[in-house]
Amino acid sequence: MVGLVLVSHSAGLAAEAVRLVRGIAGAGTPVAAAGGTDDGGLGTSLDLIEAAVRAVDQGDGVVLVPDLGSSVLTARLVEEPGRVVLADVPFVEGAIAAAVAASAGMPLADVLAAAEEARTFRKL
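Position labels on residues start from 1 in each chain and follow its written sequence. Given that the model is predicted, a residue must reach a pLDDT of at least 70 before its local features are reported, and side-chain atom pairs must reach 80 or more before they are shown or counted; all residues, however, enter totals for whole chains, interfaces and linings. Values reported for side chains reflect all heavy atoms of the structure, with hydrogen atoms and water molecules removed beforehand.

Enquirer: What exactly am I supposed to notice about the sheet that holds strand β3 (residues 62-66) here?
Expert: What links the strands of a sheet is backbone hydrogen bonding, and the strands pair in either a parallel or an antiparallel sense. At least two bridges found by DSSP between two strands are what make those strands a pair. Helix and strand assignments follow DSSP, with helices taken as H or I runs no shorter than four residues and strands as E runs no shorter than two, numbered in order from the N terminus. Strand order across the open sheet formed by 4 strands is β2-β1-β3-β4, with parallel pairing between neighbours. The sheet is open, and its two edges are formed by β2 (31-35) and β4 (84-86), each paired on a single side. Across the sheet, the mean angle separating the axes of adjacent strands is 25° when strand polarity is ignored. The contact criterion used is simple: two residues touch if any of their non-hydrogen atoms lie within 4.5 Å. Here, axes are lines fitted to C-alpha atoms. For helices the fit covers the stretch in contact, and angles between N-to-C directions go from 0 to 180 degrees. Contacts from helix α2 (residues 46-56) reach β1 (3-8), β2, β3 and β4 within the one sheet, and its direction differs from that of β2 by about 175°. Along the sheet, helix α5 (residues 108-117) makes contact with β1, β3 and β4, crossing β3 at roughly 20°.

Enquirer: Would you mind showing me how to read the pattern of salt bridges here?
Expert: Note on pairing: side chains with opposite charge can pair once their charged atoms come close. In what follows, salt bridge is the name for a side-chain nitrogen of Lys or Arg lying within 4 Å of a carboxyl oxygen of Asp or Glu. With the rule as written, the count across this model stands at 5 salt bridges. For the salt bridge of glutamate 16 with arginine 19, the shortest nitrogen-to-oxygen distance reads 3.3 Å. Of the two residues, glutamate 16 and arginine 19 are both situated in helix α1 (residues 11-25); the distance of 3 residues between them amounts to about one turn of the helix. Think of it in three bands: residues with accessible area under 20% of the maximum for their type are buried, residues over 50% are exposed, and the middle band is partly exposed, with areas taken using a 1.4 Å probe on protein chains only. Assessed through its relative accessible area of 61%, arginine 19 is described here as exposed. Note that arginine 83 and glutamate 80 form a salt bridge whose closest N and O atoms lie 2.9 Å from each other. Given a relative accessible area of 35%, glutamate 80 falls into the partly exposed group. Linked by salt bridges that have partners in common, Asp57, Glu80 and Arg83 make up one network.

Structure representation (structure tokens):
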């Protein structure tokens, strides 16, 4: 199954987003939070992202879903084409769409495409 890493400037935001994603896509969905800095502050941490990728990598690839700014730049440091990919998507909607696709057993390219479709979701 494709894994997901939610990369946020806030550890709390990333952890709550993981809870939401698992609640919708299922508890067995391989998703991890990589939020905040190593010392618990606001920011991003390459070490936390790398650890989260290792935690969810089941051999089918990993999709990174960053929130904004430096989380995107930091996540780009762990990209590996065809194995660890970055999704340019809204944080919550993209994470949920990717998780639902991953939980259905879709391959990496399809999970990424499902996440990217979230850019077009309208609420009204």
